[in-house]
Amino acid sequence: MASTRSASGDMQFFSTLVRCGSLAAAARELQVTPPAVSKRLAQLEQHLGTRLLSRTTRRIGLTAEGEAYLAHARRILTDIAAVERELQGAREQPTGLLRVNATLGFGRLHVSPLVSSFVREHPGVQVQLQLSASPPPLTQDAFDVCVRFGEPPDARVIARLLAPNRRLLCASPGYLARHGTPKTPADLARHATIAIRQGDEAYGVWRLRSGKRTETVKVHGNLSSNDGEIAVQWALAGHGIVLRAEWDIARYLKSGRLREVLPHWQTPPADVYAVYPVQLQGAARVHAFVEHLARHLGAQAA
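Residues numbered from 1 in each chain as written. Predicted model: local features only at pLDDT ≥ 70, side-chain atom pairs only at ≥ 80, totals over all residues. Heavy atoms only, no water.

A.B. asks: Help me understand the overall build of the chain in this model?
C.D. replies: Along the backbone of the chain there are 9 helices and 14 strands. Residues counted as buried form 43% of the 302 residues belonging to the chain. A fraction of 74% describes how many contacts in the chain between residues 6 or more apart in sequence connect residues 24 or more apart. Total accessible area computed for the chain in this model is approximately 16,300 Å², and 51% of it derives from carbon and sulfur atoms. (Helix = DSSP H or I, 4+ residues; strand = E, 2+ residues; numbered from the N terminus. Buried < 20%, exposed > 50% of the residue type's maximum accessible area, 1.4 Å probe, protein only. Contact = heavy atoms within 4.5 Å. Areas by Shrake-Rupley, 256 points an atom, 1.4 Å probe, with all protein chains shown as cover.)

A.B. asks: Would you mind showing me how to read the packing of aromatic side chains here?
C.D. replies: Two numbers describe a pair of aromatic rings. These are the distance of the centres and the angle of the planes. Summed over the entire model, instances satisfying the criterion amount to 4 aromatic pairs. Ring centres of Phe14 and Tyr69 lie 5.3 Å apart, and the angle between their planes is 70°; on these two criteria the pair is classed as edge-to-face. In this pair, Phe14 is assigned in helix H1 (residues 4-20) and Tyr69 in helix H4 (residues 64-87), connecting sequence segments 55 residues apart. Residue class for Phe14 comes out buried when judged on its relative accessible area of 0%. With centroids separated by 5.6 Å and ring planes inclined at 80°, the aromatic side chains of Phe106 and Trp247 adopt a geometry described as edge-to-face. Here Trp247 lies in helix H8 (residues 246-255) and Phe106 lies in helix H5 (residues 104-121), a separation of 141 residues in the sequence. Note on accessibility: Phe106 and Trp247 belong to one class, buried. Here a set of aromatic residues connected by ring pairs shows up, and it is made of Phe106, Phe149 and Trp247. (Phe/Tyr/Trp six-rings, centres within 6.5 Å; stacked < 30°, edge-to-face > 60°.)

A.B. asks: Quick question: what am I supposed to make of the side chain of Asp144 here?
C.D. replies: Checked against the element boundaries, Asp144 lands in the loop between strand E4 (125-132) and strand E5 (145-149). Among the polar contacts made by the side chain of Asp144, one reaches the main-chain amide nitrogen of Arg99 at a distance of 2.8 Å. Contact partners of Asp144, with chain neighbours within four places excluded, come to Leu97, Leu98, Arg99, Val275, Tyr276, Pro277, Leu280, Arg285 and Val286. (Polar contact = N/O pair within 3.5 Å; in protein donor to acceptor, adjacent residues only side chain to side chain.)

A.B. asks: What is the right way to look at H8 in this model?
C.D. replies: Each α-helix turn comprises 3.6 residues. Residues three or four places apart therefore point the same way. Among the residues of H8, those classed as buried are Trp247, Asp248, Ile249 and Tyr252. Gly256, located one to two residues past H8, shows a positive phi value of around 90°.

A.B. asks: Where do I start with the pairing of strand E14 (residues 272-277) in this structure?
C.D. replies: For a regular strand, side-chain orientation follows a simple rule: the groups alternate between the two sheet faces. Burial of E14 is extensive: 6 of the 6 residues sit out of reach of the surface. Burial along E14 is two-sided: the face carrying Val272, Ala274 and Tyr276 and the face carrying Tyr273, Val275 and Pro277 are both buried. The pairing of E5 with E14 spans 4 bridges and is classified as antiparallel. Note on E14: the bridge partner recorded for Val147 is Ala274. (Pairing = 2+ DSSP bridges.)

A.B. asks: Which parts of the structure should I look at to understand the nonpolar core?
C.D. replies: Nonpolar side chains in soluble globular proteins generally cluster together in the buried interior. In this structure, Leu98, Val145, Val147, Leu162, Val286, Phe289 and Leu297 are the most contacted members of the largest nonpolar core, which totals 28 residues. Taken together, the elements giving at least two residues each to this core come down to strand E3 (96-103), H5, E5, strand E6 (157-163), E14 and helix H9 (284-301). The next biggest cluster of nonpolar side chains, apart from the first, holds 17 residues, and it includes Phe13, Leu52, Leu53 and Ile60. (Core = buried A, V, L, I, M, F, W, Y, C linked by side-chain atoms within 4.5 Å.)

A.B. asks: I would appreciate a short explanation of the packing of H5 against H8 in the present structure.
C.D. replies: When two helices pack together, their arrangement is captured by the angle between the axes and the distance separating the axes. The geometry of H5 relative to H8 is characterised by a closest axis approach of 10 Å and an angle of 70° between their N-to-C directions. Judged on the interaxial angle alone, H8 and H5 are roughly perpendicular. Mapping the contact onto sequence places Gly105, Phe106, Leu109 and His110 in H5 and Trp247, Asp248 and Arg251 in H8. For the contact of H5 with H8, the per-class residue count stands at 3 nonpolar, 2 polar and 2 charged. (Axes fitted to C-alpha atoms, helices over the stretch in contact; angles between N-to-C directions. Parallel < 35°, antiparallel > 145°, perpendicular 65-115°, else oblique. Nonpolar A, V, L, I, M, F, W, Y, C, P; charged D, E, K, R; others polar.)

A.B. asks: Got a minute to help me understand helix H7 (residues 228-236) in this structure?
C.D. replies: Along H7, the residues classified as buried are Gly228, Glu229, Ala231, Val232, Ala235 and Leu236. Mapping the buried residues of H7 onto a view down its axis gives an arc of 155°, with all of them on the same face. As for H7, its buried residues are in contact with H5, strand E8 (192-196), strand E12 (241-245) and H8. The opening residue of H7, the one whose side-chain oxygen lies 2.9 Å from the backbone nitrogen of Glu229, is Asp227. Of the residues one or two after H7, Gly238 is the one with positive phi, at around 90°. (Arc of directions from axis to C-beta.)

A.B. asks: Please clarify how the sheet that holds strand E7 (residues 167-171) should be interpreted in this entry.
C.D. replies: What links the strands of a sheet is backbone hydrogen bonding, and the strands pair in either a parallel or an antiparallel sense. Taken in spatial order, the 5 strands of this open sheet run E11-E8-E12-E7-E13, and their pairing is mixed. A single partner strand is all that each edge strand has here, and the edge strands are strand E11 (220-225) and strand E13 (259-261). The sheet shows a mean angle of 40° between the axes of neighbouring strands, direction not considered. Bridge count for E7 against E12 is 4 bridges, and the pairing is antiparallel.

A.B. asks: Looking at this model, I keep getting lost on the side chain of Asn165. Mind explaining?
C.D. replies: Relative to the elements of secondary structure, Asn165 occurs in the loop between E6 and E7. Only 3.4 Å separates the side chain of Asn165 from the backbone nitrogen of Glu246, close enough to count as a polar contact. In terms of polar contacts, Asn165 uses its side chain to reach the backbone amide nitrogen of Trp247, at 3.5 Å.

Pasting the structure below:
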């Protein structure tokens, strides 16, 4: 069995290889020959007993096992780096420009106040917060930290889980009194729904799961917006059923102004993540801000 040190070395090697995108590029960064990179990869795959990459002459691609290994490796390496900083007593003060992106509603309600408290603690950091209806492409070097729902499928970034989250179906008591409460996902097709046009999600299609059963429902309605808070306000006014993150509607569910619909059916995962480039994992301003988000959002979700 590999030692802890060699295991972390294998994880770092594989993370570097995926980030570089080819054996040749990884060899240049690691200052070894391409055959040496290929040999080490083969040894790692043999040790794990599975194929991690699909390889062509120019490109490499992650297998399903490779994606799982990389995700765990990135998390473990991040944890190791955090422990080392703590044990070594690193006290580097966060400074410089920090570019943050978040979605409109969540950014306004939850990220903006945490930016405010963060700069009070770290006055040497200048934060630029941009809110957008859709998450920016991860391939663009436009932001240092993006707060988004759902773990991104891109292996070139680090995704730190900040807080659990669900998307819930809900409607006002008045709407349900007039039109009835759906009993099954198929019933949704006969109801007015309020659409939120965000990201790459299929517009007008809701996917629900209960145990091993899955249902895909085509819904319709005469109201849609790229701003989730507007959609919630329309639901409060009785215009129909909306699918919205629990973070944004919890207060309305608690007060009774909205009621959950089909509570035994779940939607795709929508946990809150902080996403940032691998090359910024050692930046004090990024590390401090992500920890600040995790500490406060995690406490709110508890």
